[in-house]
Amino acid sequence: NKIENILEFDDFMYGDKTSSDVGIEFKNVSFSYGDENVLDNISFKVNKGERVALVGSSGSGKTTVARLAARFYDITSGEIFIGGGINIKDFEKEALMKKIAFVFQNSKLFKMSLRENLLIGKPDATDEEIESALINSGSKEIIERLENGLDTVYGTKGTYFSGGEAQRLSIARAFLKDADIIILDEATAFADPENEHLIQESFKKLSKNKTTLMIAHRLSTVIDADKILVIDNGKIIEEGKHADLIDMNGHYKKLWEEYQKSVNWKIGG
């Protein structure tokens with residue numbers, strides 16, 4: 001019953017009852033965009049506290065999986081469960097958003113003070129909580145170099161940041177939210193080496209003891225994942241830990257070898 005499920009989720013959210021399951025499960029999920037079939041019968045589960053990575057070549061469908069988990073789109077067929085095995089279609093979107101934190105590639109800062117940008121994650125956050133979030137995300141030095149600090153209005157008087165700096169501030173916002181479920185699009189493709197290192201370190205802190213679904217672009221970041229899902233042409237074709245997937249001598253190993261070559265080429269260049 002939809003009403004009962006919403007009530008159950010409210011209890012799960014606000015503490016009237018305690019749910020031991022804050023995982024995510026995809027069950028026979030397919031998704032089409034217009035005439036294009038993007039995902040084909042995807043099934044997997046991210047258990048509470050697990051860190052699961054999605055890997056695959058560009059256009060394989062991994063970003064779509066993450067966006068469906070956040071219900072940015074509705075699936076064509078199948079089911080997605082979250083929080084005690086309840087279908088996400090039975091949740092009010094506002095309630096669902098309170099339980100999930102996202103950090104996607106194109107992090108957005110709004111034309112308001114940086115403090116207000118951060119408080120989107122938690123409107124009633126204290127100064128101490130904001131300070132902690134800035135430290136954990138590696139963003140404190142960004143704020144300290146500004147004359148007006150957190151009261152600086154983004155987008156005015158030339159106040160803009162690089163992609164990596166904006167990403168660090170969006171991660172600070174996610175730290176403030178302190179959600180049980182984290183969806184990460186590992187957005188370091190456009191970051192310089194210093195920002196990339198800080199972003200990766202903050203991702204590790206952010207996902208600690210959280211249910212984490214991560215899109216991986218640099219395969220070096222998934223070596224320690226609890227599970228890696230290899231997606232190709234909208235289907236999961238392999239899954240397992242890094243070492244096991246290498247031993248399979250399949251698609252993941254080819255991706256890994258290509259990644260290693262690209263890293264060596266950059267170093268050589």
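Scroll up a little and you will see the structure.
Values in this document were obtained by computation on a predicted structure and should not be read as measured data.

**Q** Help me understand the pairing of strand β3 (residues 51-55), please; the structure alone is not making it clear to me.
**A** Within a regular strand, the side chains alternate between the two sheet faces. Among the five residues of β3, five are classified as buried, and the element is accordingly described as predominantly covered. By the alternation rule, side chains of β3 split into Arg51, Ala53 and Val55 and Val52 and Leu54, which are all buried. Where β3 lies against strand β8 (residues 211-215), four bridges are found, and the strand directions are parallel. Within β8, the position partnered with alanine 53 by the bridge is methionine 214. Of the pairings in the sheet, the one linking β3 to strand β9 (residues 227-232) comprises four bridges and is parallel in character. Paired with valine 52 across the bridge in β9 is lysine 227.

**Q** Got a minute to help me understand the packing of aromatic side chains in this structure?
**A** Per the counting criterion, the structure on display carries five aromatic pairs. Between the aromatic rings of phenylalanine 26 and phenylalanine 44, the centroid separation amounts to 4.7 Å while the plane-to-plane angle is 20°, which identifies the pairing as stacked. Of this pair, phenylalanine 26 sits in strand β1 (residues 24-33) while phenylalanine 44 sits in strand β2 (residues 36-46), and the two are 18 residues apart along the sequence. The two residues phenylalanine 26 and phenylalanine 44 agree in class, both being buried. Between the aromatic rings of phenylalanine 31 and tyrosine 73, the centroid separation amounts to 5.5 Å while the plane-to-plane angle is 15°, which identifies the pairing as stacked. With phenylalanine 31 in strand β1 and tyrosine 73 in the loop between α2 (62-69) and β4 (77-82), the pair connects residues that are 42 residues apart, well separated along the chain.

**Q** Would you explain the sheet that holds strand β5 (residues 86-87) in this entry?
**A** Neighbouring strands of a sheet are bound in pairs by backbone hydrogen bonds; such pairs are parallel or else antiparallel. Within the open sheet, the four strands sit side by side as β2-β1-β4-β5. Their pairing is antiparallel. Every interior strand has two partners, whereas the edge strands, β2 and β5, have only one. Bridge analysis of β4 against β5 gives two bridges, and the strand direction is antiparallel. Within the sheet, the bridge partner assigned to phenylalanine 81 lies in β5 and is asparagine 87. Along the sheet, α2 makes contact with β1, β2 and β4, crossing β1 at roughly 115°.

**Q** I tried to follow the nonpolar core on my own but got confused; where do I start?
**A** With 42 residues, the main nonpolar core has Val55, Leu134, Phe161, Leu206, Val222, Ile228 and Tyr252 as its most contacted residues. Sort the elements by how many residues they give to this core and helix α7 (residues 163-177) lands first, with seven residues. The residues touching leucine 134, leaving out its near neighbours within four places in the chain, are Leu118, Ser139, Lys140, Ile143, Leu150, Leu169 and Ala172. Within the second largest apolar cluster, 31 residues are counted, among which are Phe26, Ile86, Phe91 and Ile181.

Thresholds applied
Residues numbered from 1 in each chain as written. Predicted model: local features only at pLDDT ≥ 70, side-chain atom pairs only at ≥ 80, totals over all residues. Heavy atoms only, no water. Buried < 20%, exposed > 50% of the residue type's maximum accessible area, 1.4 Å probe, protein only. Helix = DSSP H or I, 4+ residues; strand = E, 2+ residues; numbered from the N terminus. Pairing = 2+ DSSP bridges. Phe/Tyr/Trp six-rings, centres within 6.5 Å; stacked < 30°, edge-to-face > 60°. Contact = heavy atoms within 4.5 Å. Axes fitted to C-alpha atoms, helices over the stretch in contact; angles between N-to-C directions. Core = buried A, V, L, I, M, F, W, Y, C linked by side-chain atoms within 4.5 Å.

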